[in-house]
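Geometric and topological summary
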Amino acid sequence: MTTTKRKLLTAEDLLELHSKGVKGELIRGVLAETVSTGVEHGKITAKFTIKVGIFVEPRKLGTIVTSDTGVLGGRNPDVVREPDVAFTSVERMPLDTRIRGYSEVPPDLVIEVASPGDSVRALYDKAHMWLGHGVRLVWVADPDTRTVDVYRQDGPIITMTEDDTLDGDPVLPGFTLPVREVFD
């Protein structure tokens with residue numbers, strides 16, 4: 001009996017594939033191709049980006065990136081994930097930092113928007129993966145239920161409804177966003 005070992009990819013391999021038009025993430029060295037997620041997902045992601053950006057940019061609090069950026073979450077085998085939106089504070093990464101590949105600096109805030117077909121378990125696992133990588137605050141928005149689950153390093157998961165308001169503590173003190181505005 002012969003067995004074949006699949007060659008695990010590295011973050012550098014993924015960057016090369018991306019330059020050839022292949023979109024995806026690396027999960028323990030294995031390519032997980034990604035596809036476009038649709039207009040609703042894009043609108044919600046854009047709203048989060050704009051709202052957080054309006055707060056962060058004039059205060060020079062850090063860097064905001066969107067999904068094609070990629071964050072290196074581990075080596076040997078490599079893990080590269082693409083948060084829908086991520087904020088990294090100037091304390092973790094100065095504004096003048098230039099990174100040509102994937103960042104090894106964990107963001108402070110990651111925002112994920114559920115894609116069509118995402119399971120509750122997959123979203124939970126992704127949020128905990130981010131927390132395990134050192135992210136301090138994770139928001140997971142669900143367009144179907146019009147809720148946002150809030151994950152923090154030091155507390156329970158809190159589900160925010162359209163009648164609630166998100167706050168950025170402890171990552172973005174003073175930032176607030178009514179959940180309704182994300183989905184309207």
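Preceding this paragraph is the structure being described.
So, here's what we can say about the structure. Everything quoted here is computed from the prediction, not taken from an experiment. (Residues numbered from 1 in each chain as written. Predicted model: local features only at pLDDT ≥ 70, side-chain atom pairs only at ≥ 80, totals over all residues. Heavy atoms only, no water.)

With 13 residues, helix 3 (residues 120–132) should reach 18 Å at 1.5 Å per residue; the first-to-last C-alpha distance of 18 Å fits that figure. Inspection of helix 3 places Leu 123, Lys 126, Ala 127, Trp 130 and Leu 131 among the buried residues, and these make up the whole buried set. For helix 3, the arc enclosing every buried residue in end-on projection is 140°, short of the 170-degree limit, so these residues lie on one face. Those residues of helix 3 that are exposed and aimed more than 90 degrees away from the buried face are Arg 121 and Gly 132. Buried residues belonging to helix 3 abut strand 4 (71–74), strand 5 (79–81), strand 7 (109–113), strand 8 (137–142) and strand 9 (147–152). Just past helix 3, the residue Gly 134 takes up positive phi, approximately 105°. (Helix = DSSP H or I, 4+ residues; strand = E, 2+ residues; numbered from the N terminus. Expected span 1.5 Å × (residues − 1). Buried < 20%, exposed > 50% of the residue type's maximum accessible area, 1.4 Å probe, protein only. Arc of directions from axis to C-beta. Contact = heavy atoms within 4.5 Å.)

Its place among the elements puts Ser 103 in the loop between strand 6 (85–89) and strand 7. A polar contact of 3.0 Å, which involves the side chain of Ser 103, links it to the backbone nitrogen of Val 105. (Polar contact = N/O pair within 3.5 Å; in protein donor to acceptor, adjacent residues only side chain to side chain.)

The next point concerns the packing of aromatic side chains. Under the definition given, this model contains four aromatic pairs. Pairing Phe 48 with Trp 139 gives two aromatic rings, centres 6.1 Å apart and planes at 35°, and the pair type is tilted. Taken together, the positions of Phe 48 in helix 2 (residues 39–59) and Trp 139 in strand 8 put the pair 91 residues apart, joining distant regions of the chain. On the accessibility criterion, Phe 48 (0% relative accessible area) is buried. Geometrically, the ring pair formed by Trp 139 and Phe 175 is stacked, given 6.2 Å between the ring centres and 25° between the ring planes. Here Trp 139 is found in strand 8, whereas its partner Phe 175 is found in strand 12 (residues 172–178), with 36 residues between them in sequence. There is no split in this pair, since Trp 139 and Phe 175 are both buried. (Phe/Tyr/Trp six-rings, centres within 6.5 Å; stacked < 30°, edge-to-face > 60°.)

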